Structure formats: structure tokens, C-alpha cells
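Given next are the chains, with one letter for each unit.
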Amino acid sequence: MLTRTLSTWFAAWMALLTVAFYLWPGQHMLWWGAIGLSSTAGVLVGVVVHRPRRRWPWLLLAAALVAFGAGDFLYNLLTDVFGMTNPFPSFSDVLYLAMYPLVAGGLLGFIRSRTGRNDRDSLLDATTLTIGLALLAWIFLIDPYVRSTELTLVQKLVSIAYPLGDVLTLAVFARLITGGTRRSASIVILGVGTTGLLGADVVYGLIQLNGSWHVGGPTDLGWVLCYAAWAAAALHPSMVELTEPARSQTVDVGVRRIALLGAASLIAPGVLLVEASLGTVRDAAVIAVMSGVMFVLVLARLAGVMGNHRQSMARERELREATTTLVSAADAAETMAAVRHAVDRLLPDGVAHTVVLVRAERVDDPGLVRVSGLDPAVRELLREYSSALRHPLGIERDMLYVGAPTEALQALQTTFEVLASQAAMALERMTLTAEVNRRSSEAYFRTLIHNTSDVILIVDEHDLIQYASPSAGAVFGDERLAGFELWEFVAADERPRLAELLTQVRGGLHAHNQIDLRAERVDGIGLLVEVDCRDLRDDQTVGGLVLTVRDVTERRQLEEQLIRQAFHDALTGLANRVLFQDRVEQAVARSKRDQHLDQGLVGVLFIDLDDFKIVNDTLGHAVGDALLIAVGERISGALRDTDTVARLGGDEFAALIEAESMTDLELTAERIILALAEPFEIAGQDVNGISSVGLSTTVDASSAEELMRQADLALYVAKGAGKGQWRRYQSDLHTAVLERLELRAALDQAVKEQQFVLQYQPIVDLDTGAPLGFEALVRWNHPTRGMIAPGHFIEVAEESGLIVPMGRMVLQQALNTVGRWQRSTAPGALRYISVNVSVRQFRTPGFVEEVRQLLRASGVEPGTLLLEITESLLLRNDEQVKADFDALRAMGVRLAIDDFGTGYSSLSYLQHMPIDVLKIDKSFIDDMLGSKQQRAVVTAIVTLAQTLNLAVVAEGVEESAQAEALRDMGCPYGQGYLFARPLSEPDAFALIPKAAPFAAMA
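The structure reproduced in this document is the subject of the present report.

### As for the sheet that holds strand 4 (residues 398–404)
The antiparallel open sheet is built from four strands, whose spatial order is 1-4-3-2. This sheet does not close on itself; its edge strands, each paired only once, are strand 1 (354–359) and strand 2 (367–370). Each strand axis lies, on average, 30° off the axis of its neighbour in the sheet, ignoring direction. Where strand 1 and strand 4 come together, six bridges link them in antiparallel fashion. Residue pairing across strands places Leu-357 opposite Leu-400, the latter belonging to strand 4. Strand contacts of helix 11 (residues 332–346): strand 1 and strand 4, with the helix running at about 150° to strand 1, the strand carrying the most contacts.

In C-alpha cells form, the structure reads like this:
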């Protein structure tokens, strides 16, 4: 109301002064001064009344009006008081010209306050329009002054300064009105005043050229309009908008703007056309420059249009992605995360910003706001920024704020409003969905309660059941539990625990708590239940304790089963490695704790079956598994109930023993060795369970890990000492282990460098003593240790798998030697060469083909080769082994069983396997003379061979009496030191008859 009154009185006052100015021209100095002062006062009053965010642009306009009015007052003083006729130039011109930079500064202040950034497109449009009008100013105002011969240089400069000031004012105002922001009433009024100023200045310049200027003419109306309009713009309420940040909008290149810019661009060619039609082109250079500049501006404007289009497409793409994310958001947190992500992408890189969501007391209008005018809580959150974008969200008075630099917010505002609207829709959707779910939850809950497997009980202060869900029938055998005491369905010894639970919940110690109890059905059957108790006595719909009872009998049994499986071996039921290691750690900890009492030792035994792989390979995995179970039972039977027996994996067992002395531990190891030495009867046949044992104690180990590692080292040494041995860890075992490892490494190198040589031991006819053939025996010609017998390295070769390449080397070398011998002797002089083949070598794929190739390469007849195998290869009814035997026999190669009688006692293979020779083990021959039992065994083997039409060779014959006894039994052939030790290749060759052939082996 006050503003309207001020504007009305000011308009009336300015109109009155204008009328007085023209009615009483003699007093024009008074009236004109009053007009200037009133205009300045109007601007100042508008600033005081409306309090714009920035005052200095308006104050610059007021200063411009003061300079303008002072110039008029000084001009009138010179003409009216001092009698000068049109004084030019004078000090009044200085004041007039000072007005232009002040006006330009004020208008630039409005531009900066409203847009807060460099609007390139608006600047280009304003520049294009200004250059077109500047060309007209040059042609009609500036150029005449430049060409005038009547004016001095100072007069020319001052005269040119006026149109240049007008061009400056025009450029800045054009930039203000082309900035893409909403045009308020104050801008329109300022435009009217600026138009009056420019129009009056143009007319004044033209009149000055003709020298007919005088005060009081119609030209003064333009300046009066400038005075009045600028003050009216300051008095209008919309004046505050000129210094408030405005929404940044992309400049619309519409028809009106294109027409205006096109007309401005055509000014230069139009002037050129006019001058050309008059016959003289005076301003070609200026026109060319202006045309070139406008052409560049047009190209830059087109580039800006394309850039704005790309930016709009990018923002549209970001909004689409944000909308997709908001549609899929499940809650407010995800919605805000999507908004924050979108704002991050929409703002330029590196622009600091803050996004906050607050619950406001009222819903404010959206838009760009000053942070200083916000609520204290919001102001604290956005204290780093002067401006913020605001938009309401949802239906709960939530307000979304984005704080950032003002320029960035102006560019973001339109896009932010769309984003915030989408977020508000997402939140409203969630609210409505929650409401729908809430309204349907009661019916859903009723259905759920009636169909859930959990029993829900409501218990009053006296522990009486007030309500029982229908599922009580399935759990307790009857759903009609209401009215009964809770204790009737709980095992007697569990009632104190449940009473304590109810007391704690009623006392507020726990909002709810959960325990496992043993309960009873109405028919007396016990079950295990999980009980969860909540205090809902304050809830009017419940009014008691709510017990959720779940039958977990099967689940707990399954958990116990899973726990047992996790810590016990599935095959034997013994402890597994995890449980055993835990028990060892506990035992070691107890040992350390009781060490000062000098109470007992902790011992760990590692037990490994010596020939378990042979059992699996020959008798099958089913027999192997049965053997492992039996071994576990026998080990457990040899120990106390307090000891722990475990299967660590494969055929490896372990035992944890806490004993009083070292002697007790050693006796235990011996007891296990003896217990496992007795054969096991499995699947109707005797199976060997001979084992090796490694023992370690806390005497030498300080931790569970060290104790188990030392037991493993002791086992390694025990296996190296032979079958059925036990060893206790001692510090010198490290040396033995290192020696064995060194042996293995050296053996690997020996295979690579072929350090093995063969020696040959003859097989003779016991009746005549004539040699029948030779057995090739491998020796290791060590570079430093000399010749090493096979007993020192064969076991390591078997362990490491080096026996396969070593066996191939032995077979090849033996056949090459026999080939040379046969070529150097009469045909038939050498009939047989016997070569040992390990089980692992025989089972290597391609072994039969390898024998065929070596025979072909050496030129040896297949019938000359006798392959010796151990009977463990034949125990398993393996069709592949029989097929390989048949292939070798078909080739002409003969087969012998080495060390017969020392392996598993299964003779059925002799009936269906193509065997040619049995070789009786040396252990039977050694005790044959002093033991009737051993003599009977040898006799039985010879008789069996004769029955099956097999040749028999007795190994290890060292005494004449042994040879005589073998002849008496009917054993035809022998081998041993009695006849010859293993010989080198030349010595063996010397035994071969050079003319007469060997006798044939039957």
C-alpha cells in the first residue's frame, strides 16, 4: 500500500514539474534542477523502502542521476547566469559523460546479481544488436564529428564520447534484457527510461551537428522520461528482483529474437547498399569490420545453440536414469541416495555442494532462496553457502535443500525441480504403499497366526495361559491350552530357567529374551523347544507376556549331527584332524599349567599303515575302507578311554595320550605295533595291517604344532627303518630326516644322469651246477659313496615314483647287454635274462608296448626275457593286469613271481594267471635247516609249483646243505652266494659257454 502511494505521488509530482518546466521556461533552471533531485530522491527512497539484497547497483544509478542533474545545473548556470551561448565543451560535459560509466556499472550490477554467471548466449545476442546500432551511430553521429573541419580536436573527442556512451549503455542494457530471466516491471520501466535517454542523446547529437540546440525543446522530454522512469523503477516493488538470483533459463531463439538479430545483422549491408546507391561508399572499412564481427558472432551463437542442446540432452539422460532409480527405490534412504547421486552428476565436476532433507514446520514455496533467511537448523546445515534450492517432498512436510554456489544453483534450478518432483512422487508412492500394507496387515497377521508352525502363547501375571495359537495342537498335542498353567508343559528341571526368564522380562532387564527348553506334550512325549519372550503388558490389545514357542527338536539333532561331522571322521567315527589338534592344544596347555607340579607327560602318536596302497590297488577300496575301520577299532582297544584316537586322513591315524612317564608312552607305541601286526580278517580273507608309529612328547615340544610336527618326523624315520617299526622323536632325528631328503634329491639327480649300473647273478641247475641264466640287479654308482646296494634306495624310489624311470632304465640296459652277449656267443648259448619290475612300473600305462619296443630295439628274442613281479600285483582280480599278462605271454615274454610266500596269502591267482616261475623268498631258505615249519613251507611251495607245472627257483642259497635239501625236495633251480655273488658285465659274460648252449629252464 505504501509503495503504491509513493509511486502515485511521485508520478504526479514529476508530471507537475514537467508541466511547469514548459509553461515557465524562464525558470527552467529551477524546474530542471527539481526534476533531477526528485529522480535521485526517488531512487534512494526506493532503496530504503524495499531493501534489495544488493543496494550498490541502485546507488550507482542514483549517482548517475546526480551527475546528470549536476551537469544540467552547471550548463544552465553557464548559459543563464553567465550569458554563454551553447558552451561546448565545458565542465558540464565532464559530468554528463561521467553518467555513462555509472549507468553501465549499475546495469552490470543487476546482471551479476540476477544471473551470477557469464551467460554466453545472451552476451552474444546483446553484442550483435549493439554492433548493428553502433554502426548507425558511427554513420550518423560519430563519423560527421570525425570529418567535421569546424570542430577542434577536444570538441571532436567530447562529441564522439556522447554516442560512445550511448552505445555502452545500449550494450549493457541489451545484455540485461537478453539474459533469459523473467522480465519484471522494474526492468520494463528501466527500459523506458533508458530508451528516453538514448533517444534524447541521439536527437541532441544531430542538433549539435547543425548548431541549433536550445533548452526547452521537445528533446528534453526524453531526459525527463529517463529521470522519471529510473526513479519509478526503484519505487516499484519488483525492484528487489533485479538483485535477487533468478532462475537460469536457456535463451530461447524464438521468432522475435531471430527477427531482431537478423535486422541488426542486416544494418551493415543495408548501409552499404544505401551508400552504394548514392554513388559514394565512404564507410566501407567500418562496414566490412562490423559485418565480419557479426558473422563471427553468428557462428559463435550457433555453436552455443549446439552446446546448449548437448547439455540439455545430457541433463535429460541423467533425469531419466534418476527417474528409473527412484521408481525402483524401496525406502526413503534409497530415494535420497538416488537424489544425491543425480545432483552429483548434474552439477559440474568439482563444485562443492550439500543435499539435505529436513522435516519442516510448514511447507514453503520451491525456488532459489537465501540461506540467511532459512530456519536456524537448516541454516546450520547449509552454513557454507549463501544460496540454496528448495523443494517440498512427499506429504509429511519434508523439504529438500541443495546448497551450492549461486551460479551453479541457477543453472541447476529447472532440472532440480523436475528431479525433486520425481523424488516427491517416489516418497508418496512409498507412503501410500505402506498405508495399504498397514491396512491389510491385520488380516494377513490373523491368517499368519492361524497357519504358522510357531506356537504363540499369551501369559498373564499368574503364569496362566490366556491364549494359544492353533499351531499348539501340532506342537503340544492339543490346541486348547488356554486356562492351564504354563509350567504343566515344561520339564520339571527346566522350570527354574523359565521362571528366571519371565522374571527378567517382567523386570525390564530384557525387552525380550530367548532360550532353549525341554518341554512335554500333553501325551507325555518330550521335545526341545526354543522360547522367545516379550513383555507386551502395556499393549491394550495383548496385556501380558507373549511367548513364541518353536519346536526345534529335529533342528538341534541335525545341528549336533553336523557338529559331529565337522569334528569326526565320517568313515571310522573317530576324531578328525580339527578335533585332534584342538585336543592336543588343550593337553599341551594343561601340561604347561601343571608343569610346576611335575605331573605327567603328553604324547602324540602318528600311525601309518605300511602297505595300505597295495590293499586298495589289489583288493579294492571297499576292503580298504573296512580295513581302516578295523584298524581304528584296534587302536582304540589298545588305549584307554581317556585317550583320543583320530583319523587324520587316508591311512594315517593319531593318538593323544597323557601318561605318567616316558616308559608308559613307549609301551603304548609298542602295544599298538603288536596289535596291528596281527592280520585282519576282512571279507573272508586275511589282510595285513602292519603299521609304522612315530612318537613325540612334551619333553621335546613346547606347543601343539611342534608336538605334531615332531610326531610326523618320527613317523617318517620309522617308515624308513622298515615295516612294523616305531620311533620316538629325538633331536638327532632331524639329521636322519635330512639324510633321507638328501637321498631322495640325489636319487632324482642319479636318474637324470643315469648313475645306475647292473650286476648279474646266475641262476643254476641244482643237480649239475650249470648256469641257466642271469638276474639283472641294479646298483647305484654314487659319485662320492661308491656302489650302493638297492636296499638303501629302492624304498625311496618307490615313495617318490622314481622307480618308474629307474625300472625302464634297468630293463633297457639289461636287454642291450643281453643283445651284445647273444651276438658274441653261439646261438642258444644265453637263454634267459631275469629283470625285476615293480608294481608301480607294471601299472604305468603303456608298459607292455614299452617292453615290445625295447625288445625290438635291442634285437633280443622275447623268449629270452623273464620279468619278475611281486605277488601283491596279483591279489586284486584286475582284468587289466590279466590282459597285460596275456599280451606279454603272447609276445613270448615269460613271467615269474618274486619273493613268493611273503605277501598276502591268496593263491587263487596261480590258477588263472599265466605264471611261469615261482621264486622262493630268501627268508624261507635261511631258516629251512633249523626249522621244521619253514622246511615244510618250502616243501609245500615246491609241491604246489610241480602240481601247477611251474618252475621253482630258490633265492638266497648260501650253504651246500641248503642246496642238498632243496634237491631232496625236488626244487630244480637255485640262486645265491653259494654259486656266485652278483657279477659285473665282463665277469658274467665269462660264465657263458661260448659253444654249448645253456640248459633250458623247464
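### Remarks on the side chain of Asp-463
Structurally, Asp-463 is set in the loop between strand 5 (455–459) and strand 6 (465–468). Other than its neighbours up to four places away in sequence, Asp-463 contacts Phe-484, Glu-485, Leu-486, Trp-487, Leu-502 and Arg-506.

### Some points on unusual backbone geometry
For Asp-463, which is not glycine, the phi dihedral falls at a positive 65°. Phi is positive for Ala-683, close to 55°, though the residue is something other than glycine. Its location among the elements puts Ala-683 in the loop between strand 13 (680–682) and strand 14 (685–687).

### Focus on the environment of Ile-267
Tracing the sequence through the fold places Ile-267 in helix 9 (residues 255–278). Classification of Ile-267 as buried rests on a relative accessible area of 15%. Each C-alpha atom, one on Ile-267 and one on Ser-291, is 8.9 Å from the other, the two residues being 24 residues apart in sequence.

### Side note on a nonpolar patch on the surface
A cluster of nonpolar side chains, Phe-295, Val-296, Val-298, Leu-299 and Leu-302, forms an exposed patch at the surface whose accessible area comes to about 470 Å². Structurally, Leu-299 is set in helix 10 (residues 284–328).

### What about the pattern of salt bridges?
With the rule as written, the count across this model stands at 27 salt bridges. Here Glu-494 makes a salt bridge to Arg-497, at a shortest N to O gap of 2.8 Å. On the basis of relative accessible area, Arg-497 is assigned to the partly exposed category, the value being 37%. Linked by salt bridges that have partners in common, Asp-493, Glu-494, Arg-497 and Arg-518 make up one network.

### Some details on the packing of aromatic side chains
By the definition in use, this model includes ten aromatic pairs. Between Trp-821 and Phe-989, the ring centres sit 6.2 Å apart and the planes meet at 35°, which makes this aromatic pair tilted. Placement of the pair is Trp-821 in helix 24 (residues 803–824) and Phe-989 in helix 32 (residues 985–990), with a sequence separation of 168 residues. Cation over ring: Arg-981 sits above Tyr-977, and NZ or CZ is 4.0 Å from the ring centre.

### Things to note about the environment of Val-339
With respect to the element layout, Val-339 can be found in helix 11. Judged by its relative accessible area of 0%, Val-339 is buried. Look past the residues within four positions of Val-339 in its chain and what remains in contact with it is Leu-326, Val-355, Leu-400, Leu-419 and Ala-423.

### Quick notes on the pairing of strand 5
Across the five residues of strand 5, five count as buried, placing the element largely inside the fold. The alternating pattern of strand 5 places Val-455, Leu-457 and Val-459 on one face and Ile-456 and Ile-458 on the opposite face, and all of these are buried. Pairing of strand 5 with strand 9 (residues 544–551), which is carried by five bridges, proceeds in the antiparallel orientation. Residue pairing across strands places Val-459 opposite Leu-545, the latter belonging to strand 9. Sheet analysis places strand 5 next to strand 6, joined by three bridges and oriented antiparallel.

### Some words on the packing of helix 30 (residues 932–947) against helix 31 (residues 960–969)
How two helices pack is summed up by the angle between their axes together with the distance between the axes. Contact geometry of helix 30 with helix 31 gives a least axis separation of 10 Å together with a crossing angle of 45°. Taken together, helix 30 and helix 31 sit at an angle that is classed as oblique. Considering only the axes of helix 30 and helix 31, their crossing is right-handed. Residue-level inspection shows Arg-935, Val-938, Thr-939, Val-942 and Gln-946 of helix 30 in contact with helix 31, the latter providing Ala-965, Leu-966 and Met-969.

### Re the nonpolar core
Counting 74 residues, the largest nonpolar core has Phe-756, Leu-865, Leu-867 and Leu-966 as the members making the most contacts within it. The element that contributes the greatest number of residues to this core is helix 24, accounting for ten residues. Those residues in contact with Leu-966, other than ones at most four positions away along the chain, are Leu-766, Ile-925, Met-928, Val-938, Ala-954, Val-957 and Cys-971. Membership of the second largest hydrophobic core comes to 48 residues, among which are Ala-62, Tyr-96, Phe-173 and Leu-176.

### Points about helix 18 (residues 612–619)
Every buried residue of helix 18 is listed here: Phe-612, Val-615, Asn-616, Thr-618 and Leu-619. Here the buried face of helix 18 lies against strand 10 (601–609), helix 19 (621–637) and strand 14. In the segment just after helix 18, Gly-620 is the residue with positive phi, at about 100°.

### Overview of the sheet that holds strand 16 (residues 726–728)
One open sheet holds the five strands; their spatial order is 11-12-10-15-16, and the pairing between them is mixed. Edge positions in the sheet fall to strand 11 (644–649) and strand 16, since each has one partner strand and no second. On average, each strand axis in the sheet is tilted by 20° relative to the strand beside it, whichever way the strands run. Relative to strand 12 (residues 652–659), strand 10 runs antiparallel, the two being bridged by eight bridges. In the sheet register, Leu-605 faces strand 12, and the bridge partner there is Ala-655. Contacting strand 10, strand 12, strand 15 (691–697) and strand 16, helix 21 (residues 704–720) crosses the sheet at an angle of about 145° to strand 15.

Analysis parameters
Residues numbered from 1 in each chain as written. Predicted model: local features only at pLDDT ≥ 70, side-chain atom pairs only at ≥ 80, totals over all residues. Heavy atoms only, no water. Pairing = 2+ DSSP bridges. Helix = DSSP H or I, 4+ residues; strand = E, 2+ residues; numbered from the N terminus. Axes fitted to C-alpha atoms, helices over the stretch in contact; angles between N-to-C directions. Contact = heavy atoms within 4.5 Å. Buried < 20%, exposed > 50% of the residue type's maximum accessible area, 1.4 Å probe, protein only. Patch = residues over 30% accessible without salt bridge, like charges linked within 9 Å, V, L, I, M, F, W, Y side chains within 5 Å. Areas by Shrake-Rupley, 256 points an atom, 1.4 Å probe, with all protein chains shown as cover. Salt bridge = Lys/Arg side-chain N within 4 Å of Asp/Glu carboxyl O. Phe/Tyr/Trp six-rings, centres within 6.5 Å; stacked < 30°, edge-to-face > 60°. Lys NZ or Arg CZ within 6 Å of the ring centre and 35° of its normal. Parallel < 35°, antiparallel > 145°, perpendicular 65-115°, else oblique. Left-handed = near helix turned anticlockwise from the far one by under 90°. Core = buried A, V, L, I, M, F, W, Y, C linked by side-chain atoms within 4.5 Å.

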